[in-house]
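Letter by letter, the chains look like this.
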Amino acid sequence: MTDLSRYRNIGIFAHVDAGKTTTTERILNITGKIHKIGEVHDGAATTDFMEQEQERGITIQSAATTAFWKDYRMNIIDTPGHVDFTIEVYRSLKVLDGGVGVFCGSGGVEPQSETNWRYANDSAVARIIFINKLDRLGADFYRVVAQVEDVLGAHPLVMTLPIGTEDDFVGLVDLVTEKAYIWDDTNDPLNFEITDIPANLIDKTAEYRESLIETAVEQDEDIMMKYLEDGEEPSIEDLKKCIRKGTIALDFFPTFGGSAFKNKGVQLILDAVVDYLPSPTEVNPQPEVDIEGNETGKYAIVDPDKPLRALAFKIMDDRFGALTFTRIYSGRIKKGDTVLNTFTGKNERIGRIVEMHADERIELDSAQAGDIVALIGMKNTRTGHTLCDPKQPATLEPMVFPDPVIYIAISPKDKSAAEKMGLAISKMVQEDPSFRVETDEESGETIIMGMGELHLDIKVDILRRTHNVDVEVGKPLVAYRESITKRIEDSYTHKKQTGGSGQFAKIDYILEPSEVGVGFEFVSKVTGGNVPREFWPAVEKGFKKSLDEGPMAGFPCLDVKLTLTDGGFHAVDSSAIAYEIAAKAAYRQSMPKAGPQLMEPIMKVDVFTPDSHVGDVIGDLNRRRGMILGQEAGPTGVRIKAEAPLSEMFGYIGDLRTMTSGRGQFSMEFSHYKAAPKNVAEEVIKETLERNAKKK
Ligand SMILES: Nc1nc2c(ncn2[C@@H]2O[C@H](COP(=O)(O)OP(=O)(O)OP(=O)(O)O)[C@@H](O)[C@H]2O)c(=O)[nH]1
Ligand SMILES: [Mg+2]
C-alpha cells in the first residue's frame, strides 16, 4: 500500500503499567496480525520480546510493528513507561504523526503520563486518549477525564461512556453513533453486540453528546451555524469531520474508555485512529536546519517524488546484526541506494530494508515517504542522524538527549571478558543515547552512566546474558557537580622564557557564578588589545576544558562565568597555547577562592501508597532529606509528591515495598542540582578523594 492518506504512524505512550503493551497485543490480534493473545505477565506479549522484558513484565525498549485495519496501514510503536527509559518515548514521538495516550482507570494521570504528554506537546503530535483498566477496583473514567484537564491542562473530548464499572464493566456507549457496545464475558474482543443505550445512561449520554457536538462544530463555520441557528444536529459524517479537524489541530483529544485486558473497547480505539488521527501528509512537515541547527525555512515535504529526507531514530543490535530504524519524510529509497549522512558527511549504501514486527523482519525492496522501516548495513549512522539524497543534501532537526544522573564502575572478571566488554558496550551505547560510558584515566575502570538504577541494572544484565561478558559491578555512584558562589577578580601570568621558543601570556579576569542552567559563559571585555583578540578563544578553551574537573572532588562544574578584563602579551612568545595554559592555571588558582560548593542531583519523586502507610512513607522520605511537596488522595491510596537527593534514594523501591507490604509504587526523575548540605558535602568529597587516591 502506498496511498499515504491511508497511513497512520502512531505511538502508544503512558505511565508504566498503564496497559500499552496489552493494548498493542489486542490491536495485533483484532487486526489479524497475531492469532493468539499473549499476556505481559506471562512474558508472552509480542512487543515485549527482550528476555529482560519478559522476566520483569515491563517494556524496556520501544518496539515497532505494522497492522492493517479497514484498509488503513498502521505503523505502531509500543513505548516503555518506566522513567529510566523515557528516551524511547521522546525519540518515538519525534518521528510519529499521531499518538494514543493510555491512562490507568484507577491510577489516573501519573508521573510519566505528565512527562510523556509534554514530549507529545513538544513534538506537536495529535492524540487520542484511552482510559484503560476500567474493570479494575477503584477505576473511575470521569475522575481521570477531570485529571487530564486539571493536571495536563488538556481538553479531553469525551467520546464514550462506560457501561458499568470495575467487575461490572461490560461495555461502552458511543456518543457519536448513540449506540451501546456490549461485550460478553468470553473475553473474546470480537464477541460484542451493538444495542440501544441502557436506560440508566440515556440522560447522561444526551448531556455528554450535547457538549461533544458543541465543541466539535466550532471546527466548521457552516456546520456550527446550522447547529446554532437551525438547531440542526450535524450528521455523523460531519461530526466526525469536525472532530478530525480539531484533533489534528490539537484543539482537543478524543477520549475513550475500555479494558484492554478484558478485551473491551479496543476496536473503538482502532476506528478512532483511522477517523481522527492524521496521515503523514496532514502533519506539519519537518523543518530542515543548517549545521548550527537553525531552521533554513525549507521543509521535508511528505511526497515520494521529492528528494530523500529521512531520520534515523533508533539503532537496535540483535542476533542478525544492527538495525537502523528510520522514518522517511520525503522521497523514497531502495536496496543498494547510496544516501548521504549529513552528520558524518559520508555516503552510506543501503544494504537491506526491512519492515519490523517486534523482533521479526519482513524484507522490502523499497520504502517511501511516510514509511517507518529498519535499514541493515548502515556503518556510521547514529540516532538523530539525517539520511538524504547526496545530490540535494539537507539536515533535519537533531534530537537532544538528557544527561545521565547515576553511574557505576564495572570491571571485567577476566581477560576474555575484557576483550568482549569494549565491543559489547560500544554497541549498547549506539543503541541507547541515554547510556554513556567513560574510562577512568587513572584506574582504567569502565564507568557506565544512565538514567536510573533500573536502567543500569538492565545494561549489566544485557552485558552478562546477551553479550556473555562477566563483570564485577561497583556501588552505584551519584553524578555530583560543583559550582562557585563568589565573584572574584584575579590575574595569572604564564611565563616560560628560558632558552628555545618561549611562552608568555597574562590574563586578568573576573570569575563568578553564571545564571542557573546557563552552563559556562565566557565574555571578553579587553580593550586596547592587551590580550590580542585571536587569543581570546584560547583563554575560553583552556578554562572550559578545566571545568570538567571541579576543585573540590573533580566533579564537572556548573554555571560559571569568566570575564576576561585585561592582560598582557609578548610579541614573540605569546601564542594560543600559552594563553590556554594560562587559563588552565588560572582555573586551578582561582576556583578554590570562589567559594566552591558541591551540587547534588535532586529528584522529583512520586510515590503511591495505600492510606494506611502514608505516615511511614512520609517519615521515611523526611529521613532521606526529602521535601514533601504535596499529597493527593485517590480511591485506592495516596499520591505523595516530593523532592529528594538521588544519593538518598538508592534501593528505595525495595524499602517502599517493605513499608507498604508490596503495594507501594514510585517513580522519580531528575529535577535539578542543589547545593549539598555541609556535612554531606564533606563526606562525599572525602569518599571521592579516597576512591580517586586508591585508583592511582
Ligand atoms: N485489570 C486490568 N489489567 C490490565 C489491563 N490492561 C493491562 N493490564 C495489566 O497491567 C499490567 C501491565 O500491563 P502492560 O501492558 O505491560 O503495561 P505497559 O503500559 O505496557 O507497561 P510498561 O511497558 O512497562 O510501561 C499487566 O499485568 C497487564 O495484564 C486492563 O485493562 N485491566
Ligand atoms: Mg509495555
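Residues numbered from 1 in each chain as written. Chains lettered and ligands numbered in written order. Predicted model: local features only at pLDDT ≥ 70, side-chain atom pairs only at ≥ 80, totals over all residues. Heavy atoms only, no water.

Asks: Honestly, the overall build of the protein chain in this entry has me stumped. Any pointers?
Replies: Check the secondary structure of the protein chain and you find 16 helices and 38 strands. For the protein chain, the C-alpha radius of gyration of 29 Å lies close to 26 Å, the compact-globule estimate for 696 residues. Structurally, the protein chain occupies a C-alpha span of about 100 × 65 × 60 Å along its principal axes. For the protein chain, with 696 residues in total, the buried portion stands at 55%. (Helix = DSSP H or I, 4+ residues; strand = E, 2+ residues; numbered from the N terminus. Rg over C-alpha atoms; globule rule 2.2 N^0.38 Å. Buried < 20%, exposed > 50% of the residue type's maximum accessible area, 1.4 Å probe, protein only.)

Asks: Just checking my understanding: could you explain the sheet that holds strand β13 (residues 295-300) for this structure?
Replies: Sheets are built from strands that pair by backbone hydrogen bonding, the pairs being arranged parallel or antiparallel. Strand order in the open sheet formed by 3 strands is β13-β12-β24, with antiparallel pairing between adjacent strands. If you trace the sheet from one side to the other, it starts and ends with β13 and β24 (395-396), each paired once. In the sheet, strand β12 (residues 286-289) pairs with β13 via 3 bridges, with the strands oriented antiparallel. Residue pairing for β13: glutamine 286 is matched across the bridge by alanine 300. (Pairing = 2+ DSSP bridges.)

Asks: I tried to follow the pattern of salt bridges on my own but got confused; where do I start?
Replies: For side chains bearing opposite charge, pairing can occur when the charged atoms are close. Counted according to the given criterion, the structure contains 47 salt bridges. The partner of glutamate 282 in a salt bridge is arginine 244, and the shortest N-O contact between them spans 2.5 Å. Here glutamate 282 is found in the loop between α9 (266-276) and β12, whereas its partner arginine 244 is found in helix α8 (residues 236-248), with 38 residues between them in sequence. On the basis of relative accessible area, arginine 244 is assigned to the buried category, the value being 17%. If you follow the salt bridges from partner to partner, you end up with Glu114, Asp606, Glu632, Arg639 and Lys641 in one network. (Salt bridge = Lys/Arg side-chain N within 4 Å of Asp/Glu carboxyl O.)

Asks: Can you help me understand the packing of helix α3 (residues 86-95) against helix α4 (residues 111-122) in this one?
Replies: Packed helices, taken two at a time, are described by the angle their axes make and the gap between the axes. Contact geometry of α3 with α4 gives a least axis separation of 9 Å together with a crossing angle of 25°. In terms of axis orientation, α3 runs roughly parallel to α4. In this structure, α3 meets α4 at a crossing whose hand is right-handed. In this structure, α3 uses Thr86, Val89, Tyr90 and Leu93 to contact α4, whose residues at the interface are Gln112, Thr115, Asn116, Tyr119 and Ala120. (Axes fitted to C-alpha atoms, helices over the stretch in contact; angles between N-to-C directions. Parallel < 35°, antiparallel > 145°, perpendicular 65-115°, else oblique. Left-handed = near helix turned anticlockwise from the far one by under 90°. Contact = heavy atoms within 4.5 Å.)

Asks: Even after reading the chapter, I still don't get the packing of helix α12 (residues 536-546) against helix α13 (residues 576-590), so can you show me in this structure?
Replies: Viewed as axis vectors pointing N to C, α12 and α13 meet at an angle of 40°, and their least axial separation amounts to 7 Å. Looking at the two axes, α12 sits oblique to α13. As α12 packs across α13, the resulting crossing turns out to be right-handed. On α13, the residues touching Ala538, Val539, Lys541, Gly542, Phe543, Lys545 and Ser546 of α12 are Ala576, Tyr579, Glu580, Ala583, Lys584 and Tyr587. Considering only residue class, the contact of α12 with α13 consists of 7 nonpolar, 2 polar and 4 charged. (Nonpolar A, V, L, I, M, F, W, Y, C, P; charged D, E, K, R; others polar.)

Asks: Mind showing me how you'd approach the coordination of the magnesium ion (ligand 2) here?
Replies: Octahedral metals with six donors have ideal donor angles of 90 or 180 degrees. Tetrahedral metals with four donors have an ideal donor angle of 109.5 degrees. Bound to the magnesium ion (ligand 2) on the protein side are Thr21 (OG1) and Thr59 (OG1), at distances that span 2.0 Å. Remark: threonine 59 occurs in the loop between α2 (51-56) and β2 (63-69) and threonine 21 occurs in helix α1 (residues 20-30); sequence separation between them is 38 residues. No difference in accessibility class separates threonine 21 from threonine 59, as the two residues are buried. (Donors = N, O, S within 2.8 Å, 3.2 Å for Na, K, Ca; no water.)

Asks: It is not clear to me how the site of ligand 1 should be interpreted in this structure. Could you clarify?
Replies: If you check the shell around ligand 1, you find 20 residues, and the closest are Lys20, Thr22, His41, Thr59 and Asp135. Between ligand 1 and histidine 41, the relevant distance is 2.7 Å, taken from an oxygen atom to a side-chain nitrogen or oxygen of the residue. Take aspartate 135: an N or O atom from its side chain is 2.7 Å from a nitrogen atom of ligand 1. With 3 residues, the top contributor of residues to the shell around ligand 1 is α1. Taken together, the residues of the shell around ligand 1 break down into 7 nonpolar, 8 polar and 5 charged. (Near = heavy atom within 4 Å. Polar contact = N/O pair within 3.5 Å; in protein donor to acceptor, adjacent residues only side chain to side chain.)

Asks: Sorry if this is basic, but what is going on with the sheet that holds strand β18 (residues 346-349) here?
Replies: As summarised here, the arrangement of the 8 strands in space is β18-β17-β23-β14-β15-β22-β19-β20, forming an open sheet in which the pairing is antiparallel. The open sheet has two edge strands with one neighbour each: β18 and β20 (360-364). Strand after strand, the sheet turns through a mean of 40° between neighbouring axes, direction not considered. Pairing of strand β19 (residues 352-357) with strand β22 (residues 372-376), which is carried by 3 bridges, proceeds in the antiparallel orientation. Across the sheet, the residue bridging to valine 354 is alanine 374, located in β22. Each of β14 (309-318), β15 (321-330) and β22 touches α3; the most contacted strand, β14, lies at about 145° to it.

Asks: How do you make sense of the pairing of strand β4 (residues 98-104) when you look at a structure like this?
Replies: Both faces of the sheet carry side chains from a regular strand, because those side chains alternate between them. In terms of burial, β4 is largely enclosed, as 7 of its 7 residues are buried. Bridge count for β4 against strand β5 (residues 126-132) is 7 bridges, and the pairing is parallel. Its bridge partner lying in β5, valine 102 is registered against phenylalanine 130. You can see the chain leave β4, run along α4 and come back into β5, and the turn it takes is right-handed. (Right-handed = clockwise from strand over helix to strand, strands pointing away.)

Asks: Would you mind showing me how to read helix α14 (residues 614-623) here?
Replies: Working note: α-helix, 3.6 residues per turn, so residues spaced by three or four point in the same direction. Within α14 the residues assigned to the buried category are Val614, Val617, Ile618, Asp620 and Leu621. The arc that holds the buried residues of α14, viewed along the axis, is 160°, so those residues lie on one side. The outward face of α14, more than 90 degrees from its buried face, is lined by the exposed residues Gly615 and Arg623. Tucked into the core, α14 has its buried residues touching β35 (596-609), β36 (627-634), β37 (637-645) and α15 (652-659). Of the residues trailing α14, arginine 625 is marked for its positive phi of about 60°. (Arc of directions from axis to C-beta.)

Asks: Before we go on, may I ask you to explain the packing of aromatic side chains in this structure?
Replies: How two aromatic rings sit relative to each other is given by the distance of their centres and the angle of their planes. Overall, the coordinates contain 16 aromatic pairs when judged by the stated rule. When the ring of phenylalanine 103 is compared with that of tryptophan 117, the centres are 6.2 Å apart and the planes differ by 55°; the resulting orientation is tilted. With phenylalanine 103 in strand β4 and tryptophan 117 in helix α4, the pair connects residues that are 14 residues apart, well separated along the chain. No difference in accessibility class separates phenylalanine 103 from tryptophan 117, as the two residues are buried. Their ring planes at 35° and their centres at 5.8 Å tell us that tyrosine 181 and phenylalanine 192 sit as a pair that is tilted. Highlighted residues: tyrosine 181 in strand β9 (residues 179-183) and phenylalanine 192 in strand β10 (residues 192-195), separated in sequence by 11 residues. By relative accessible area, which is 29% here, phenylalanine 192 ends up partly exposed. Geometry around tryptophan 117 places arginine 127 over its ring, the cationic atom sitting 4.4 Å from the centre. (Phe/Tyr/Trp six-rings, centres within 6.5 Å; stacked < 30°, edge-to-face > 60°. Lys NZ or Arg CZ within 6 Å of the ring centre and 35° of its normal.)

Asks: Sorry if this is basic, but what is going on with the side chain of serine 92 here?
Replies: Inspection of the secondary structure puts serine 92 in helix α3. When sequence neighbours within four positions are dropped, the list of residues in contact with serine 92 reads Ser62, Ile77 and Thr79.

Asks: It is not clear to me how a negative patch on the surface should be interpreted in this structure. Could you clarify?
Replies: A surface patch of negative charge is lined by Asp203, Glu207, Glu210, Glu214, Glu218 and Asp251. Mapping glutamate 207 onto the fold places it in helix α6 (residues 202-217). (Patch = residues over 30% accessible without salt bridge, like charges linked within 9 Å, V, L, I, M, F, W, Y side chains within 5 Å. Areas by Shrake-Rupley, 256 points an atom, 1.4 Å probe, with all protein chains shown as cover. Lys, Arg positive; Asp, Glu negative; His and termini not counted. Charge placed at Lys NZ, Arg CZ, Asp CG, Glu CD.)

Asks: Quick question: what am I supposed to make of the environment of threonine 255 here?
Replies: Tracing the backbone through its elements, the reader meets threonine 255 in strand β11 (residues 253-257). For threonine 255, a relative accessible area of 1% translates into the label buried. Measuring from C-alpha to C-alpha, the distance between threonine 255 and aspartate 620 comes to 38 Å, with 365 residues separating the pair along the chain. Once residues within four sequence positions are removed from consideration, threonine 255 is found in contact with Ile129, Ile131, Phe141, Val145, Pro156, Leu157, Val158, Met159 and Thr160. A polar atom in the side chain of threonine 255 sits 2.8 Å from the backbone oxygen of phenylalanine 253.

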